[in-house]
Amino acid sequence: MTVDRTALAEWSNVLVDSAILIYAIALLAFGVDLSGRGRRADQGSSAVAGADAEAEVTGAAVAPVAGGSAVATVEHAAGSGTTTTATTTTVITTTAHVVTATVPARSRAAGIAVSLTWLAFLVHLAGVLARGLSIGRVPWANMYEFSVAGALVVTGVFLAILLRRDLRYLGSFVVGPVLLVLGLAVTAFYTEAAQLVPALDSYWLLIHVSVAFVAAALFTIGFSVSVLHLLQHRRELARLLGRAPARGRFLDTLPPSAELELLAYRLHVVAFPLWTFTVVVGAVWADAAWGRYWGWDPKEVWSFVVWVVYAAYLHARATRGWAGTRSAYLVFAGFGCLVFNFVGVNLLFSGLHSYSGVG
Amino acid sequence: MTRVPLPVPGVLRWGWRQLTSMRTALLLLMLLAVAAVPGSVFPQRRSDPARLADFLAEHPSAGPVLDRLGFFDVYASPWFSAIYLLLFVSLVGCLVPRTRRHLREVRAAPPRLPRRPDRLPVYRTVTLDPGGAPPADPDAVLAVARADLRRRRYRTRPDPGGLAAARGLAAERGLLAETGNLVFHLSLLAMLVSVAASSLVAWAGQALVVVGDGFANTLPMYDSFRPGTRVDAADLRPFSLTLDDLQVRFEENLPSQLGAPREFRADLTVRDGPEANPRRERLEVNHPVSVAGARIFLVGNGYAPVITVRDGEGGVAHSGAVPFLPMDGQYTSRGVVKVPDARPRQVALTGFLLPTAVLDPDRGPVSVFPEARSPRLVLTAFAGDPGQDDLGLDDGVARSVYVLDDSRLTRLLGADGEPARMQLAPGQTATLPDGAGTVTFDGLRRYAVLDIRSDPTRSAVLVSALAMFAGLLPSLFVRRRRIWIRVAPGQGSRTVVEVAGLARGEDVGLPREVTRVLDVVSAAVSAGAAGDATGRAGAPTGDSGSVPREG
């Protein structure tokens with residue numbers, strides 16, 4: 001039995017290494033997509049359209065309102081529903097405020113990149129599962145396992161979002177950090193598969209840490225979007241001032257900054273309650289393990305700091321003078337604290353959360 | 001008659017407005033985050049006094065300054081307290097008017113249609129012609145719309161619509177968002193109050209219990225005790241316990257993690273009071289044992305060598321288990337045996353316990369595994385004059401049992417003139433130099449370090465945390481929307497339907513919702529015009545990919 005387990009742990013390492021390779025190729029493909037898109041954008045197709053189209057159409061047949069690729073049309077089913085009766089209700093006029101935004105089509109490289117990311121995700125998932133099976137517990141009890149499983153959740157959350165919205169342009173900014181984390185994990189944090197120390201031997205480990213993963217994944221993706229938002233905002237500003245922005249042509253293929261800002265906000269708005277939950281559950285666990293729900297242990301301090309900074313971000317967005325780009329800086333601060341909480345606190349400070357296994 | 005307003009209330013009002021402004025709250029929130037950081041950088045008096053002592057020793061000049069500035073007690077420091085208290089005052093100042101307004105809004109009907117609905121962020125209109133049939137009855141149409149909106153949890157009210165012969169409906173939903181927001185912030189306040197209360201009524205103590213020994217919940221039994229400000233000895237309920245067994249397991253197979261802890265498990269016999277029946281309990285890390293309003297936690301363990309000291313006159317001057325404190329992961333432990341009753345001279349022993357001793361060529365004897373596989377005691381001895389109380393046990397000054405003050409003691413030397421060093425395996429006896437007596441290492445027992453805590457406010461804190469979370473979700477995810485519908489007769493038998501929408505904050509789904517309502521109303525108009533012969537007409541399809549105009 002122990003032989004099987006050792007073999008599983010080795011398989012896990014091989015799978016994680018393979019995933020890293022596939023992620024690297026996916027990152028390359030995402031990069032090709034971005035750069036390729038940048039060139040095409042210059043050839044003229046309008047990347048951004050924020051027109052307020054109003055149209056008035058007379059007659060039974062309602063023509064699509066002109067003015068963009070994704071313009072809403074109000075089509076009244078003049079024939080279908082009411083022709084069964086003698087009278088036919090006809091639409092005479094229809095007016096609507098419509099805002100359009102083009103959804104940029106991605107290149108073939110983006111499709112390849114997403115397929116590769118899926119493949120890498122599955123291999124990565126197999127690696128994490130093998131690790132878990134090799135030790136018969138949840139595979140996130142030391143810094144190596146934590147980084148590998150956390151990176152898996154980042155990819156998973158990104159792919160889950162992709163199923164609902166085309167955010168493939170974010171690919172590089174998600175797969176890049178994932179690769180970085182995995183690289184650090186296998187080179188700097190690697191720890192042999194082993195049983196749990198008693199302090200971690202609790203079902204709360206499953207709840208507390210897995211929710212923390214999802215929250216951190218969303219914060220990570222939200223951070224990437226905020227970076228793009230700020231870059232896009234600078235570019236738009238330069239345009240407005242009549243300067244031609246020299247670098248970052250790939251940004252022309254991305255949505256306008258306002259839309260990126262809203263997307264970042266919506267990601268954070270999901271991440272924040274998850275982080276709140278992480279902290280509350282952590283306090284409940286601390287109460288059972290150490291007899292107090294809060295003791296200002298370094299990990300607790302930084303979790304609190306992260307929570308407060310993101311709370312400040314959510315408030316800043318609703319504060320005059322802070323909305324938009326200024327609140328984006330709070331996202332940067334929050335993400336910096338989050339990363340420090342996962343890396344710096346584990347390696348620099350000694351505290352009750354010292355489970356890194358590194359050293 | 002002019003009255004010059006007093007400047008002081010003006011300043012106060014100005015200050016209050018500043019304090020309760022969102023901008024100030026935001027600033028305080030960011031300050032709070034920054035102020036919390038030093039507590040993770042500097043050792044804190046409450047959580048790690050040992051590391052603080054080291055830090056103070058290493059930084060003799062900066063240490064006291066930092067201490068005075070509160071950097072070793074950050075979360076009780078005046079500046080940290082000032083920030084969060086100001087934040088909460090600001091919060092109260094913001095919440096009170098908001099709660100009042102919200103209560104008013106909850107009771108009030110949705111606001112009426114604005115004079116120019118076409119200027120609202122989302123506005124749709126359609127003119128319908130039934131093609132010769134009589135126009136639909138607006139009231140019937142609106143009844144359909146009302147039923148639809150009610151199903152979607154809108155509150156509705158009839159609205160005259162501001163036009164002659166028009167009928168309208170005002171609808172609102174999502175007040176839960178503000179309710180949730182208020183609940184969230186009020187729960188934060190409740191949590192702060194509960195935590196503050198816990199510093200009055202909570203207590204915690206630590207006790208070291210050797211396997212086989214007992215513990216009674218009285219102050220003298222504790223090695224350290226931290227009472228809340230309103231706690232006295234009478235608050236300690238008279239429970240007692242015996243530590244029957246302590247099983248400890250360490251990593252044995254994996255070379256890279258050899259000796260890492262794997263399992264700590266204590267078996268207790270607990271009595272909730274002097275009269276209560278004893279019950280057996282298993283105490284583990286993460287699994288505290290509850291007893292008489294307190295909880296017992298297993299927070300540490302170690303070895304207590306059983307040592308017998310016979311003095312120079314041949315009598316047994318000391319016999320019993322002496323807890324040694326582990327200093328590393330291999331449980332190399334340090335300890336002191338004070339034998340004040342030894343005659344003719346007092347004896348003190350200090351030294352190390354090595355659970356699995358190996359002779360290292362460079363470092364001498366070291367422990368290589370935390371399990372007691374080949375335990376060795378390595379001791380040096382001191383002697384003192386009982387008449388002078390050189391051991392210093394009777395002068396009333398509190399001294400740690402783990403530290404030996406050897407300033408007035410004489411180190412016993414061996415035959416070679418070097419300090420005598422005795423290395424003992426279990427069962428062995430060594431003779432002390434100068435006829436001071438003998439030491440016997442009888443055996444090894446384990447001890448457990450127990451944290452015993454009581455905090456009656458825990459459940460209040462938990463309830464406020466859960467309420468906070470419950471309030472957070474609707475506050476972030478419920479969308480507050482207002483929808484207005486106006487149905488007016490147009491030329492001939494035509495009917496003009498207008499639907500307008502307004503949201504608080506961003507609401508990507510609002511245009512879709514307005515279109516949906518427009519479709520419902522249009523269908524009702526068509527159906528009404530057809531004399532309800534076919535029920536509801538086929539619902540027109542609306543757009544689904546648009547986003548609201550920035551407004």
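Residues numbered from 1 in each chain as written. Chains lettered and ligands numbered in written order. Predicted model: local features only at pLDDT ≥ 70, side-chain atom pairs only at ≥ 80, totals over all residues. Heavy atoms only, no water.

## Side note on the overall build of chain B
1) Next: Counting its secondary structure elements, chain B contains ten helices and 24 strands.
2) Next: Taken over the C-alpha trace, chain B has a radius of gyration of 39 Å; the compact-globule value for 551 residues is 24 Å, which it surpasses by more than 25%.
3) Next: Based on the C-alpha atoms only, the size of chain B along its principal axes is roughly 125 × 70 × 55 Å.
4) Next: Carbon and sulfur atoms make up 56% of the accessible area of chain B, which amounts to about 27100 Å² in all.
5) Next: With 65 positive and 56 negative side-chain charges, chain B shows a separation of 16 Å between the mean positions of the two kinds. (Helix = DSSP H or I, 4+ residues; strand = E, 2+ residues; numbered from the N terminus. Rg over C-alpha atoms; globule rule 2.2 N^0.38 Å. Areas by Shrake-Rupley, 256 points an atom, 1.4 Å probe, with all protein chains shown as cover. Lys, Arg positive; Asp, Glu negative; His and termini not counted. Charge placed at Lys NZ, Arg CZ, Asp CG, Glu CD.)

## Quick notes on the sheet that holds strand β5 (residues 214-216) of chain B
Residues and elements named next belong to chain B.
1) Next: What the four strands build is an open sheet, ordered β5-β7-β8-β9; its pairing is antiparallel. The sheet is open, and its two borders are formed by β5 and β9 (279-284), each paired with just one other strand. Across the sheet, the axes of successive neighbouring strands diverge by a mean angle of 30°, strand direction being ignored. (Pairing = 2+ DSSP bridges. Axes fitted to C-alpha atoms, helices over the stretch in contact; angles between N-to-C directions.)

## A word on the side chain of Asn142 of chain A
1) Next: For Asn142 of chain A, the position within the fold is in the loop between α2 (108-135) and α3 (143-164).
2) Next: Polar contacts involving the side chain of Asn142 of chain A include one to the main-chain amide nitrogen of Glu145 of chain A, which spans 3.0 Å. (Polar contact = N/O pair within 3.5 Å; in protein donor to acceptor, adjacent residues only side chain to side chain.)

## Digging into the packing of aromatic side chains
1) Next: Evaluation of the coordinates by the stated rule reveals 36 aromatic pairs over all chains.
2) Next: Judged by centre distance (5.9 Å) and plane angle (85°), the ring pair of Trp296 of chain A and Phe80 of chain B falls under edge-to-face. Separated into two different chains, Trp296 of chain A in the loop between α6 (257-290) and α7 (298-316) and Phe80 of chain B in helix α6 (residues 78-107) make up a pair that spans both.
3) Next: With 6.3 Å between their ring centres and 40° between their planes, Trp307 of chain A and Phe184 of chain B make a pair best called tilted. With Trp307 of chain A in helix α7 and Phe184 of chain B in helix α8 (residues 175-201), the pair connects residues from two separate chains.
4) Next: Every member of this aromatic cluster is reached through a ring pair, and the members are Trp140, Phe146, Phe213, Phe219, Trp275, Tyr310 and Phe342 of chain A.
5) Next: A cation over an aromatic ring shows up here: Arg317 of chain A above the ring of Tyr265 of chain A, its NZ or CZ 3.8 Å from the ring centre.
6) Next: Here Arg173 of chain B stacks its cationic end above the ring of Tyr154 of chain B, 5.9 Å away from the centre of that ring. (Phe/Tyr/Trp six-rings, centres within 6.5 Å; stacked < 30°, edge-to-face > 60°. Lys NZ or Arg CZ within 6 Å of the ring centre and 35° of its normal.)

## Section: the confidence of the model for chain B
1) Next: In this model, chain B carries an average pLDDT of 85, and 93% of its residues clear a pLDDT of 70 or more.
2) Next: Element-level mean pLDDT values for chain B span from 79 in helix α1 (residues 7-19) of chain B up to 94 in helix α9 (residues 458-477) of chain B. (pLDDT = per-residue confidence, 0-100.)

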